[in-house]
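Coordinate analysis (summary)
Listed here are the chains, written in short residue letters.
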Amino acid sequence: MRLQSLESRVVILFISLLLVLQLAGYFFIDNAIDKNARASIESSLSINEKIMGHLLDQNAERLVVGATLLSKDYAFRQAIASNDTQTIVSALLNHGDRIKSDLTMLVGLDGKIIDASSDTLARGFQETVSNLVNDATLNGNASSTNIVNGKPYQMVMVPVKAPVFISWVAMAIPIDQGLVNDMRALSLLQVSLFTSENNGPWISDVSTLDATQEAALAKLIPTGINVSTYIRDLTIGENRYSARVLPLAKNKKSTTIAVLQLSVSDVIAPYKKLQRNLLLLTVMGGIAACILSILTARRIAGPVRQLADTARRLGAGDYKVNIDIERKDEIGDLAASFSHMRDAIAQREKEISHLAYWDTLTTLPNRALFTEMLDEAIVQAKSLGNSCFVLMMDLDRFKHVNDVMGHRFGDLLLIEVAFRLRAGLGIGNIKPARLGGDEFAILLPSSNAVDALRVANKILESLEKPISIEDQAVDISAGIGIAGFPEHAIDTETLLGHTEVAMYVAKQAKNGPVIYTQGIDKSSQQSLSLLTDMRIALEQNHFQLYAQPKLSLSTNEVIAVETLVRWVHPEKGMVFPDQFIPFAEQTGFIRQLTRWVMNAAAECCHAWSMAGIDLKMSVNISTRDLMDQDLPQKFAEILQLHGVQPQSFCLEITESAIMDDPQRAHQTLDKLHAMGMELSIDDFGTGYSSLAYLKRLPVDELKIDKSFVLKMEQDIDDTKIVKSTIDLGHNMGLRVVAEGIENAEVMALLKELGCDQAQGYFISRPMPVTNMPAWLKQWRTSQPA
């Protein structure tokens, strides 16, 4: 098993938990064993301390009984009365031997030893006997444990009455190996007796230990023990003991103690055996747990591995994989979920595949599928040594129809166009597709240029009949470009590109289908080069801002300027607007250019304001600018950057720009007007806008196109048009500006007709904005007071 696998981790988890629990239990039991053993040892030693006390008491009772029997013996009392020493000594010996007393004595009432079974031994007992007589006198009899000649003895004393006290009988027995052996036999303890003189080292009397252990024990026992003392740990050799030290006897010089020892190892031995058995069971349980955990892990991980393999196969696109897991637990639920997921993914893949390769609106193949079909057609053409052609078609004025009639109407129009394509082309090898928007393509496998032109003309003929949608008849036309393999390209991408170039040429020419030529591509390359040059010009500041004055016809004062852009190319010199502005509008570069002009105009406006020149700046904006809903925000940021007011600007928009998308244009113009900018309709009279629509726009100014102004002093019709426009503007509350004034007669006529402002070469040609302050000063000084 790999350590990273689920199976191995389940096994490791089970075993780890078991080991942790077993080890915790083992250490807990070990600690409990030690604790219980210690408590048991201490209790046992306390009990055996009492047992030893009982043994000593039994010995004392035995002595008392023996001494009492002797004191009541008639012959013995007669011998005492007659002072028969021989009989007395004989009686002392006989009774002492009977009860195994080492010493039997007859003691006078004054405490003096009269006779003894051993005179030699009796000499050491005189002091003890004297002390004992005092106790016996008070209590009737007495017993004690004393140290005589360095050895402990038990001694009793009873009175001899005949019938009054005539003497005392005393008996003494040593506390020796016999007592130690009895204690050992009763309790399995190790028992040792030690005597110390003058608090010196302990000297062994008797012991159940061997000599070496006995000597070691003597060194471990502290001196000066006067009460029963428990010693928890004593280590003698390799054995550990707990001990109870009992004081037995003490006099002025000596102390005798008894040491009761219990082996810790002996007490723990049964527990240790149980612990070993438990450890064995733990090992066996661990092995069983390992086996069980492996089986359990395999039962869990096996289906999971199977499901993981299923997931990999699903990821590889195999949706027919069988999931053979029949269980009624969570794994079974997971397997069932995988089965449902497999079916759902298969269905979605089918739907996604259809969406990826088919156009949902027209049910024609889309660009991706058409590209694959073209790849296959090229491969087939290569293998057969023939050619294939591609037609690309783009509808004319579709955007206008879509904007005016609505997107739903536009969709219905595309569906009808697709239907006519299918109906007109038939079911053969000709394969139409929708590439996107209003752009269609037709693949002609194993065909030539003549076939392609014939099919293209047939398509255009099918579109000549108006299309009727919801009681609305729509005239539609299209531009079709043609390119073929291997004549025009040898790969799919290049072939489609050349076909598209030919299509745009056809749309511009409006003269039927166009077959691709290298000349067309050269024109496209020039356009691409122009776009690149414009981008470089914007980055390297090759554009310059020009301005043309606008004059108030009532006061003859310059009150505004129209800002214009000029391009100074580092190699080609001055590039005039009609050479790059239309292309900029076509490619969308006009948006960047408008932003540059607005920024430069705002910067200039701020500089003129600081110099005391207050002129309104007119800036032209294009169709693409109007479609940008963020244009007001962009202009606001520029004005804020340069610290100028929106009221200092007038934006000029052509009629055609407004009518390309009236709704979006209206929204953008409303926002700009709300900012405070004035709006002007440029080139008024050349477009197709309705007065009803213009009336709703927030405009402030009408600008009469120069085509009506240039020769109005010679053409009465132009004069009528200009007069009507001025009257119309005034009636709508608008300011009217005429551009294209090139002589004094036209300027005088405009003033007579009531025009508000004038602009043209007669006043001034466009000039760099840096020259405007000087020109303005010269203009003002040249005017009559």
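Scroll up to find the structure this text is about.
From a predicted model like this one, the values you see are computed outputs, not experimental measurements. (Residues numbered from 1 in each chain as written. Predicted model: local features only at pLDDT ≥ 70, side-chain atom pairs only at ≥ 80, totals over all residues. Heavy atoms only, no water.)

1. A few points about the side chain of Ser 71
Considering the arrangement of structural elements, one finds Ser 71 in helix 1 (residues 6-71). For Ser 71, a relative accessible area of 5% corresponds to the buried category. Polar side-chain contacts of Ser 71 include one of 2.7 Å to the backbone oxygen of Thr 68. (Helix = DSSP H or I, 4+ residues; strand = E, 2+ residues; numbered from the N terminus. Buried < 20%, exposed > 50% of the residue type's maximum accessible area, 1.4 Å probe, protein only. Polar contact = N/O pair within 3.5 Å; in protein donor to acceptor, adjacent residues only side chain to side chain.)

2. Here's the deal with the sheet that holds strand 1 (residues 103-107)
With respect to topology, five strands assemble into an open sheet ordered 2-1-5-4-3, the strand pairing being antiparallel. Two strands in the sheet have a free side with no partner beyond their single neighbour: strand 2 (113-116) and strand 3 (142-148). With direction set aside, neighbouring strand axes in the sheet form an average angle of 30°. Contacting strand 1, strand 4 (151-161) and strand 5 (165-174), helix 2 (residues 74-82) runs over the sheet at an angle of about 80° to strand 4. (Pairing = 2+ DSSP bridges. Axes fitted to C-alpha atoms, helices over the stretch in contact; angles between N-to-C directions. Contact = heavy atoms within 4.5 Å.)

3. What about helix 7 (residues 211-220)?
Taken residue by residue, helix 7 has Glu 214, Leu 217 and Ala 218 as its buried positions. Along the axis of helix 7, the buried residues cluster in a sector spanning 105°; they form a single face. Every exposed residue of helix 7 that faces more than 90 degrees away from the buried side is listed here: Thr 212 and Lys 219. Its buried side turned inward, helix 7 meets strand 6 (190-197), strand 7 (203-207), strand 8 (229-236) and strand 10 (254-263). For helix 7, the side-chain oxygen to backbone nitrogen distance between the N-cap and Thr 212 is 3.2 Å, and the N-cap itself is Asp 210. (Arc of directions from axis to C-beta.)

4. Some points on the environment of Gly 178
Checked against the element boundaries, Gly 178 lands in helix 6 (residues 177-187). Note on Gly 178: relative accessible area 33%, which makes it partly exposed. As a C-alpha pair, Gly 178 and Lys 706 span 528 residues in sequence and 150 Å in three-dimensional space.

5. Here we look at the layout of surface pockets
What the second largest pocket holds in volume is close to 1200 Å³. If you trace the second largest pocket, you find 41 residues lining it, with Glu 562, Leu 564, Arg 566, Pro 577 and Asn 620 closest to the centre. Of all the secondary structure elements, the ones that give two or more residues to the lining of the second largest pocket are strand 18 (543-552), strand 19 (558-569), helix 16 (581-587), helix 17 (590-610), strand 21 (616-620), strand 22 (649-654), helix 20 (655-660) and strand 23 (678-684). If one sorts the elements of the lining of the second largest pocket by residue count, strand 19 sits on top with five residues. Here the residues of the lining of the second largest pocket sort into 18 nonpolar, 11 polar and 12 charged. (1 Å grid on protein atoms, 1.4 Å probe; cavity = no way out; pocket = protein on both sides within 12 Å on 5 of 7 lines; lining within 4 Å. Points joined across faces, edges and corners; volume = space filled by probe spheres on them. Nonpolar A, V, L, I, M, F, W, Y, C, P; charged D, E, K, R; others polar.)

6. Regarding the pattern of salt bridges
Throughout the structure, instances matching the rule amount to 20 salt bridges. In this structure, Glu 701 engages Lys 550 in a salt bridge whose closest nitrogen and oxygen atoms are separated by 3.5 Å. Residue Glu 701 is located in strand 24 (residues 701-704), and its partner Lys 550 is located in strand 18; the two are separated by 151 residues in the primary sequence. Each member of the pair Glu 701 and Lys 550 is classed as buried. A salt bridge links Glu 562 to Lys 703; its shortest N-O distance comes to 2.8 Å. (Salt bridge = Lys/Arg side-chain N within 4 Å of Asp/Glu carboxyl O.)

7. Here's the deal with the packing of aromatic side chains
Aromatic rings in a pair are described by how distant their centres are and how their planes are angled relative to each other. Tallying each qualifying case throughout the model produces seven aromatic pairs. Ring centres 5.1 Å apart and planes at 80° place the aromatic pair Phe 125 and Tyr 153 in the edge-to-face group. Of this pair, Phe 125 sits in the loop between helix 4 (119-122) and helix 5 (126-139) while Tyr 153 sits in strand 4; the two residues are 28 residues apart in sequence, bridging distant segments of the chain. The exposure classification of Phe 125 matches that of Tyr 153, with both residues buried. Where Phe 165 meets Trp 168, the ring centres are 5.4 Å apart and the plane angle is 25°; that geometry is what we call stacked. By the ring-pair criterion, three or more aromatic residues cluster together here, those being Phe 543, Trp 567, Phe 580 and Trp 596. One cation-aromatic arrangement involves Arg 566 over Tyr 546; the distance from NZ or CZ to the ring centre is 5.5 Å. Taking NZ or CZ as reference, Arg 765 lies 4.1 Å from the ring centre of Tyr 761, over its face. (Phe/Tyr/Trp six-rings, centres within 6.5 Å; stacked < 30°, edge-to-face > 60°. Lys NZ or Arg CZ within 6 Å of the ring centre and 35° of its normal.)

8. Here's the deal with the packing of helix 17 against helix 19 (residues 631-642)
Between helix 17 and helix 19, whose axes approach to 9 Å, the crossing angle comes to 30°. Looking at the two axes, helix 17 sits roughly parallel to helix 19. Read as a crossing pair, helix 17 and helix 19 show a hand that is right-handed. Packed against helix 17, whose contacting residues are Thr 594, Arg 595, Met 598, Asn 599, Ala 602, Glu 603 and His 606, the element helix 19 presents Lys 634, Phe 635, Glu 637, Ile 638, Leu 639, Leu 641 and His 642 at the interface. When grouped by side-chain class, the residues that make up the contact of helix 17 with helix 19 number six nonpolar, four polar and four charged. (Parallel < 35°, antiparallel > 145°, perpendicular 65-115°, else oblique. Left-handed = near helix turned anticlockwise from the far one by under 90°.)

9. Description of the sheet that holds strand 11 (residues 388-395)
Taken together, the five strands give an open sheet; going across it, the order is 12-13-11-16-17, and neighbouring strands pair in mixed fashion. Strand pairing shows two members of the sheet lacking a second neighbour, strand 12 (431-436) and strand 17 (514-515), which therefore form its edges. Two strands pair when backbone bridges link them, and strand 11 and strand 13 (residues 439-444) are joined in this way by six bridges, in the antiparallel orientation. If you follow Met 392 over to strand 13, its bridge partner there is Ala 441.

10. Quick look at the pairing of strand 7
Bridging between strand 6 and strand 7 involves four bridges; their strand directions are antiparallel. If you follow Phe 194 over to strand 7, its bridge partner there is Ser 204. Hairpin geometry of strand 6 and strand 7 is characterised by an intervening segment of five residues between the two adjacent antiparallel strands and by a positive phi of about 55° at Asn 198.

11. Some remarks on unusual backbone geometry
In the segment running from Ala 162 into Pro 163, the intervening peptide bond is cis, with an omega of -15°. Note that Pro 163 resides in the loop between strand 4 and strand 5. Phi angles above zero are rare outside glycine, and Lys 100 is one such case at about 60°. Examined against the element boundaries, Lys 100 turns out to sit in the loop between helix 3 (85-98) and strand 1.

12. Observations regarding the side chain of Ser 552
When you line up the elements, Ser 552 lands in strand 18. Leaving out residues up to four positions away in the same chain, Ser 552 has contacts with Glu 557, Ile 559, Asp 756 and Gln 757.

13. Quick word on the environment of Ser 130
Mapped onto the fold, Ser 130 is located in helix 5. What makes Ser 130 partly exposed here is its relative accessible area of 27%. Along the primary structure Ser 130 and Val 107 are separated by 23 residues, whereas in three dimensions their C-alpha atoms are 9.0 Å apart.

14. A short note on helix 12 (residues 407-425)
Helix length check: helix 12 (19 residues) gives 27 Å between terminal C-alpha atoms against 27 Å at 1.5 Å per residue, within 8%. Inspection of helix 12 places Phe 409, Gly 410, Leu 413, Leu 414, Val 417, Ala 418, Arg 420, Leu 421 and Leu 425 among the buried residues, and these make up the whole buried set. Phi turns positive, to about 80°, at Gly 426, one or two residues after helix 12. (Expected span 1.5 Å × (residues − 1).)

15. Quick look at the packing of helix 24 (residues 716-731) against helix 25 (residues 744-753)
Two elements in contact, helix 24 and helix 25, have axes separated by 10 Å at closest approach and are oriented at 40°. By the angle between their directions, the pair helix 24 and helix 25 is classed as oblique. In this structure, the crossing between helix 24 and helix 25 has a hand that is right-handed. Taking contact as the criterion, the partners of Thr 719, Val 722, Lys 723 and Ile 726 in helix 24 are, on helix 25, Leu 749, Leu 750 and Leu 753. Per-class residue counts for the contact of helix 24 with helix 25 are five nonpolar, one polar and one charged.

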